[in-house]
Each structure stands twice: as C-alpha cells, then as structure tokens.
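# Topology and contacts: notes
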Amino acid sequence: MSLVTHLISSQFGPVIPPESKGVVHHIILYGCYAPVNESLHGVGYTCYTNSMPPELFDCRHPIAVWAVGGDDFYYPDNVGLSIGGPGDPTFAILETHYNNPENKAGIIDNSGLRIWYTSELRQYDAGLVETGAAVATLIVPPQQPAFQVRGICAANCSQDAFPPTGVKAFAYMLHAHQLGRKLQMSHYRGSQFIGELGRDDQYDFNYQQSRLLTEETTIMPGDTIVLDCIYDSTSRPKPTFGGLATHQEMCVSWIYYYPRTEIAFCQSILLPHLALPLLGYDANVTVDYINEDAPNFWVNYFINATWTPAITNGIQQMQTTVDPLLRCLRTENRPLEARNKHDILAASLTAPHSGISRTPK
C-alpha cells in the first residue's frame, strides 16, 4: 500500500455469518514483515503446522483482535494504527480459530473483520502488545473452585521496549476460555502498585470485548504488568492444559497503547517441570520452553496423576511465586534481547485486591 493511512475502527459482529456463530472462537489479524509473496494470497493453512509457509510463522504483530461476544471497537480521536508507512507491516494474515465439539459438517465459513481507515492521519500511531502467561506451559488442576495463574510482563522487557517518556495505555482486552472466572491486570513500578489496567470479576467466555480505559495510564520503561487469572475447574476430572482449543485454557491480555514501539509479546513462561518431584519424578531435565514447536513431554506426567492437595498447592505455588522465563518479542517475532530471565520476582509484588491472593515469599 503506497498510501499511509490510520486504522481507526474495527467492527466485527456483522461479519460473523449465522451459520458460523458458535463455531468461530476468535480472530486475530497479524501484521507480517517479510517480502510480499503473491502466491500466498487467498490460500488457507492450518495454523502453526508444517503446512504453513515458514515466512508466516513470523507474522506476530497483532493489528486487530476479536473473540466471542465482541462488538465494535473505536480508537480515540487522537490515535490510529498506521498502515502503509515506514516500519509498518508489508502484508497481513487473518488467523481464525474454530470450536466445533459437535463435529458439525458442511460449514463453509467466510467470517472476517470489517475495518475503517482514514488518510487524515491522527496525532499518534497506536501499538498493541500481548501480555500474560505463554499458552504452552499453562496448567489448571482438576476439581479446583478458584485456581490462580499469573502472567508477567517483566521490568527488563518493558525497559527495552518502551521510550524514556513511557507509553500511554488507552484500552485493553482480557482473554481466558471456559474455566475463566476472574481476570485482573495490574500495573507496578518497582514494588509500588500503580493501579489496574483491566479487571473482570464476572468473566464470561461468551462476552469478550476490547474496552477503553476510563483514563489513559502511562507505562514507563521498567514497569511491570501482572495478569492474574482465576479458574473454576470443579467440572473437570482431569487437568486442563494451555492451548488454542476452547476446552484448553489461556491467560492473556492485549494492551492498546501509543506511541507505537517494536514490542509484540511481553509474557512469562511458566515452568511446570519444577513440579515433577511432587509426582515422584526428577525435575533435573532439559526442557525447551522457548521453542514453541518443542513437544510438551511433561503433560503426560500430569494427565494420570493422583491429584492430592500437596500436588495442587505445589502447582499453585509454581505458577504464582516461582521466577518464570521471559518471552519478550519484537513485531517481527525476534527477541528484544538475548536474555530470557526477568529480574523481578512475582512473589515480591503486593497490591490491594479482593478475591485474588498475592502471598509474599
């Protein structure tokens, strides 16, 4: 696109056809930075499998997000998402996730996103960053009425990602699946609680909406964003693992902000292998948590475990107080820097909250 424009609004509901409602789970429009390959235009692939061309794996710059129940979202008057300018994506892919537990046949889906844009550029270019817990290593034990998972956008990631004057957060979206009951995104500067960036104490999987903040919040380099997710797994006889399917779970959020930077993901990677001694296994194993294609062998240990309170409490502690790995990626799916460890312990953070505990170490 030779014309620089600003995306200013996204309308989703009218482009989910009646036959696809209840089957379309969520849609993400990702920007890509590779050279345009015309042969890929209009071709569909199964996400994150060998059928997907290698250059599409680096399409990790979120442009627009929709999930079940979402409706129109409009940018503030002074902000737009830049398209067609220097540093903007060269093309985009539409990632659509489906949930069809009844195996309904004959559905031909043409869902999509309807987007408004303008050549009258606004004052600021917007960015969108995904925070929370990396999906691949999340685990929720069975028969738990209020199990907590914590995802962290760590201080040394925001230190590298944001300019010295900080960025302004103006909207957010919270996302979990069917077990999600409460989600809260908290903002810290050092150990000081600055405030909430998003909260839903009555989370409903069937109503997920991008929401404008009442007041813009400045996120400075070195700040920490903590996402706490509470799950009710009393209906599940087996553990629930992180994944893209509806019966699996997620604990993620998206923050809309300006001015735009290179950051696309600022998340923590939980370390479930540390809980293996609770099951009688050795935790001194080599685990590849950075490579998303690596097999999650640890899942097999937990599927058939006898879930005692000690195991459940151990998993809870592992996912809320153990220093995790850091997933800090640019829009081109490259690390902001080489280090993977963050330098702030989640357990050292304290804040007033009702219903979600933060127990100091």
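Computed from a predicted model, the values in this text were never measured in an experiment. (Residues numbered from 1 in each chain as written. Predicted model: local features only at pLDDT ≥ 70, side-chain atom pairs only at ≥ 80, totals over all residues. Heavy atoms only, no water.)

A few words on the sheet that holds strand 11 (residues 147-153). If you walk across this open sheet you meet the 4 strands as 11-16-13-14, and the pairing is antiparallel. What marks the edges here is a single partner per strand, and that holds for strand 11 and strand 14 (192-200). If you compare each strand with its neighbour and ignore which way they point, the axes differ by 20 degrees on average. (Pairing = 2+ DSSP bridges. Helix = DSSP H or I, 4+ residues; strand = E, 2+ residues; numbered from the N terminus. Axes fitted to C-alpha atoms, helices over the stretch in contact; angles between N-to-C directions.)

Moving on to the state of the cysteines. A covalent bond between the sulfur atoms of two cysteines is referred to as a disulfide. Scanning the model with the defined rule gives 4 disulfides in all. Covalently, Cys229 is tied to Cys251 through a disulfide, its sulfur atoms 2.0 Å apart. The chirality of the disulfide connecting Cys229 with Cys251 is right-handed, given an S-S dihedral of about 85 degrees. Taken together, the residues Cys229 in strand 16 (residues 223-231) and Cys251 in strand 18 (residues 251-258) connect sequence positions 22 residues apart. The exposure class assigned to Cys229 is buried, which follows from its relative accessible area of 0%. Listing the disulfide partners of the protein chain by sequence rank of the bonded cysteines yields 1-2, 3-7, 4-8, 5-6. (Disulfide = S-S within 2.5 Å. Buried < 20%, exposed > 50% of the residue type's maximum accessible area, 1.4 Å probe, protein only.)

Attention now goes to the sheet that holds strand 2 (residues 24-32). Ordered in space as 3-2-6, the 3 strands form an open sheet in which the pairing is antiparallel. With partners counted over all chains shown, the strands left at the sheet margins are strand 3 (61-67) and strand 6 (91-98), one partner each. Recorded for the sheet is a direction-independent mean angle of 15 degrees between the axes of neighbouring strands. Pairing between strand 2 and strand 3: 6 bridges, direction antiparallel. Each bridged residue has a counterpart across the sheet, and for His26 the counterpart in strand 3 is Ala67.

Glancing now at the pattern of salt bridges. Inspection of the entire model under this criterion finds 5 salt bridges. A salt bridge links Arg189 to Asp223; the shortest N-O distance between them is 2.8 Å. Residue Arg189 is found in strand 13 (residues 180-189), and its partner Asp223 is found in strand 16; the two are separated by 34 residues along the sequence. Measuring nitrogen to oxygen at the nearest pair gives 3.0 Å for the salt bridge that ties Arg199 to Asp201. Judged by its relative accessible area of 27%, Arg199 is partly exposed. Classification of Asp201 as partly exposed rests on a relative accessible area of 29%. It is possible to trace a salt-bridge network through shared partners that takes in Glu196, Arg199 and Asp201. (Salt bridge = Lys/Arg side-chain N within 4 Å of Asp/Glu carboxyl O.)

To continue, consider the environment of Ile263. Mapped onto the elements of the fold, Ile263 is located in strand 19 (residues 263-269). Sequence separation between Ile263 and Gly127 is 136 residues; the distance between their C-alpha atoms is 8.3 Å.

In this section: the nonpolar core. Ranked by size, the top nonpolar core spans 53 residues in total, and within it Tyr231, Ile263, Phe302 and Ile315 carry the most contacts. Broken down by element, this core gets its largest block of residues, 5 residues, from strand 16. Cys59, Ile63, Ile93 and Val135 belong to the second-largest nonpolar core, a separate cluster that totals 33 residues. (Core = buried A, V, L, I, M, F, W, Y, C linked by side-chain atoms within 4.5 Å.)

Okay, the layout of surface pockets next. Size it by volume and the second largest pocket reaches roughly 600 Å³. As for the second largest pocket, its lining consists of 19 residues, of which Leu40, Val43, Ala92, Ile93 and Leu94 are closest to the centre. The residue makeup of the lining of the second largest pocket, split by class, is 11 nonpolar, 6 polar and 2 charged. (1 Å grid on protein atoms, 1.4 Å probe; cavity = no way out; pocket = protein on both sides within 12 Å on 5 of 7 lines; lining within 4 Å. Points joined across faces, edges and corners; volume = space filled by probe spheres on them. Nonpolar A, V, L, I, M, F, W, Y, C, P; charged D, E, K, R; others polar.)

All right, on to the confidence of the model for the protein chain then. Per-residue confidence for the protein chain gives a mean pLDDT of 80; residues scoring 70 or more make up 83%. At the low end of the mean pLDDT range in the protein chain sits strand 1 (residues 5-11), at 61; at the high end sits strand 13, at 97. Here residues 337-361 is a poorly scored stretch, pLDDT under 50, and it has 66 contacts once near neighbours within four places are set aside; other chains count. (pLDDT = per-residue confidence, 0-100. Contact = heavy atoms within 4.5 Å.)

A word on the environment of Ile27. Of note, Ile27 is situated in strand 2. Assessed through its relative accessible area of 0%, Ile27 is described here as buried. Each residue touching Ile27, except ones within four places of it in the same chain, is listed here: Ile16, Ala64, Val65, Trp66, Leu94, Glu95, Thr96, Ser111, Gly112 and Leu113.

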